[in-house]
Amino acid sequence: MKKHNFSAGPCILPQEVLKKASDAVVNFNGIDLSLIEISHRSKEFVEVMENARNLVKELLNVPEGYSVLFLQGGASLEFLMTPYNLLKVDGKAGYLDTGTWSSKAIKEAKLLGEVDVIASSKEDNFNHIPKNYTVPTDVDYIHFTSNNTIFGTQFKEFPKTDSLLVCDMSSDIFSRQIDVSKFDLIYAGAQKNMGPAGTTLVIVKDEILGKTGRTIPAMLDYKVHISKDSMFNTPPVFPVYVSMLTLEWLKNLGGIAAIEKINNEKAALLYAEIDRNPLFNGFAAKEDRSLMNVTFTLANEAHKETFDKLWNDAGISGIKGHRSIGGYRASIYNAMPIESIQVLINTMQQFEKQVS
Ligand SMILES: *Cc1c(COP(=O)(O)O)cnc(C)c1O
């Protein structure tokens, strides 16, 4: 029986997507060739790329004037591409520091220019999203991380600014409805909520590019990738294909409005148990709780072995917390079935009976 996969990333994908993807590796669409051995310029693959792009546009309602790209290098390379493409020579960027990934993005941006850290929750080990900060007006762009995968916090309201707005949406893209027109650049590594590792989705407003006065290396230049329809060099054909399948799955399910409703229900169930069960403590501030990554700790560390054995025996995988906060992290991305969450909740209740 398949395990209940709560992994934070690479993460669970729909079972039917895995099946279709494995078929395509052997024989793609009945052409007697593998998806991963055909030319990326073949009409078969060009169609995959177009479909994937169109599904992103359709699901997220991407307005005219934006380009959708599938790049490589993960979200981590976007930490560098963002300042390369948007931070003016002698300019300044504003960053919200809400976790490990934000901090890494800040570090990269500092390589290219001045960074104003607008607000940070670092002193509280990133257990909440800062509020009541002042957004500077003299910056080229504002950068934030919509969902903090490691700490389990999520922006419920986005920063308001007249500067460009950039968001690392790696771990909650396609999980809730967003208004793309409020953003100038969105990026997301595929392996949290869209597909396997190996491709990064970028949604960028065309008119913001080419204004920094910098010379940008070709591979780091969004304009180059836009002009080549994400095929400036050989694209990651397999991750793009699996992302396409996952987006098709999401569309058939009813799109983002439908998955958002399910995600709200799934998270509410699990948080209710954490709040009810005296053996657990939630990590993140309640109002900032992530709907994707649920972080919690044991009230009494002495019971660790007992709980670990119980969830292991229940076929649960991937809930060990990140080393920076310890405890547990249940990642409940789009493809996580509610049944698996129920199994975790049952295990938490069984644990309560066993130790009390
Ligand atoms: C996982 C993650 C990253 C890093 O992604 P890579 O694709 O491994 O570079 C960046 N930001 C967030 C929010 C993440 O969850």
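Residues numbered from 1 in each chain as written. Predicted model: local features only at pLDDT ≥ 70, side-chain atom pairs only at ≥ 80, totals over all residues. Heavy atoms only, no water.

**Digging into the sheet that holds strand 10 (residues 200-205)**
Working definition: the strands of a sheet are paired by backbone hydrogen bonds and lie parallel or antiparallel to each other.
Here's step 1: The strand order across the open sheet built from 7 strands is 2-10-9-8-5-3-4, with neighbouring strands paired in mixed fashion. In this open sheet, the two edge strands, each paired with only one partner strand, are strand 2 (66-71) and strand 4 (114-120). On average, each strand axis in the sheet is tilted by 15° relative to the strand beside it, whichever way the strands run.
Here's step 2: Pairing geometry for strand 2 and strand 10, over 6 bridges, is antiparallel. Following the sheet pairing, L71 is matched in strand 10 by T200.
Here's step 3: With respect to the sheet, helix 4 (residues 100-109) is in contact with strand 3 (92-97), strand 4, strand 5 (141-145) and strand 8 (164-168), its orientation differing from that of strand 3 by roughly 165°. (Pairing = 2+ DSSP bridges. Helix = DSSP H or I, 4+ residues; strand = E, 2+ residues; numbered from the N terminus. Axes fitted to C-alpha atoms, helices over the stretch in contact; angles between N-to-C directions. Contact = heavy atoms within 4.5 Å.)

**Some details on the UniProt feature "binding site: pyridoxal 5'-phosphate" (unreviewed entry) in the chain**
Here's step 1: Look at the UniProt record and you will see "binding site: pyridoxal 5'-phosphate" (unreviewed entry) annotated at A75, S76, W101, T149, D168, Q191, N233 and T234. The greatest C-alpha distance among the annotated residues, which extend across 160 residues, is 30.1 Å, indicating that they are dispersed rather than converging on a single site. Considering only the residues just annotated, the largest cavity is lined by N233 and T234.
Here's step 2: For W101, the location among the structural elements is in helix 4.
Here's step 3: Each residue touching W101, except ones within four places of it in the same chain, is listed here: S76, F79, T149, I150 and D168. (UniProt positions renumbered as here; feature names shortened; annotations may be inferred. 1 Å grid on protein atoms, 1.4 Å probe; cavity = no way out; pocket = protein on both sides within 12 Å on 5 of 7 lines; lining within 4 Å.)

**Observations concerning the packing of aromatic side chains**
The geometry of an aromatic ring pair is captured by two quantities: the separation of the ring centres and the angle between the planes.
Here's step 1: Per the counting criterion, the structure on display carries 15 aromatic pairs.
Here's step 2: Seen in terms of ring centroids, F296 and Y328 are 5.7 Å apart; in terms of plane orientation they differ by 25°. Their pairing is stacked. Residue F296 is found in strand 12 (residues 293-298), and its partner Y328 is found in strand 14 (residues 328-331); the two are separated by 32 residues along the sequence. Taken as a pair, F296 and Y328 share a single burial class, namely buried.
Here's step 3: Arranged with centres 4.9 Å apart and planes meeting at 45°, the rings of F307 and F351 form a pair that is tilted. Of this pair, F307 sits in helix 8 (residues 304-313) while F351 sits in helix 9 (residues 338-355), placing them 44 residues apart in sequence. (Phe/Tyr/Trp six-rings, centres within 6.5 Å; stacked < 30°, edge-to-face > 60°. Buried < 20%, exposed > 50% of the residue type's maximum accessible area, 1.4 Å probe, protein only.)

**Observations regarding the site of the ligand**
Here's step 1: Around the ligand, the structure places 13 residues, and the nearest of them are S76, T149, D168, Q191 and K192.
Here's step 2: Here a nitrogen atom of the ligand sits 2.6 Å away from a polar atom, N or O, in the side chain of D168.
Here's step 3: One nitrogen or oxygen atom from the side chain of K192 is found 2.6 Å from an oxygen atom belonging to the ligand.
Here's step 4: Relative to its free-state accessible area of 390 Å², the ligand is covered by the protein chains to the extent of 88%.
Here's step 5: Ranked by residues supplied to the shell around the ligand, first place goes to helix 3 (residues 74-86) with 4 residues.
Here's step 6: In the shell around the ligand, the residues fall into 3 nonpolar, 8 polar and 2 charged. (Near = heavy atom within 4 Å. Polar contact = N/O pair within 3.5 Å; in protein donor to acceptor, adjacent residues only side chain to side chain. Areas by Shrake-Rupley, 256 points an atom, 1.4 Å probe, with all protein chains shown as cover. Nonpolar A, V, L, I, M, F, W, Y, C, P; charged D, E, K, R; others polar.)

**What about the UniProt feature "modified residue: N6-(pyridoxal phosphate)lysine" (unreviewed entry) in the chain?**
Here's step 1: UniProt annotation of "modified residue: N6-(pyridoxal phosphate)lysine" (unreviewed entry) refers to K192 when read in the numbering used here.
Here's step 2: Relative to the helices and strands, K192 resides in the loop between strand 9 (185-189) and strand 10.
Here's step 3: Residue classification places K192 among the buried positions, given a relative accessible area of 11%.
Here's step 4: Setting aside anything within four residues of it in sequence, one finds K192 in contact with A8, G9, C11, T149, S170, S171 and Y333.

**Some thoughts on the pairing of strand 3**
Taken residue by residue, a regular strand's side chains alternate between the two faces of the sheet.
Here's step 1: Strand 3 sits mainly inside the fold: 6 of its 6 residues count as buried.
Here's step 2: Examined bridge by bridge, strand 3 and strand 4 share 6 bridges and lie parallel to one another. Residue K92 lies in a different strand from strand 4, and its bridge partner there is E114.
Here's step 3: Here strand 3 pairs with strand 5 via 3 bridges, running parallel. Looking at the pairing, Y95 lines up with H143 of strand 5.

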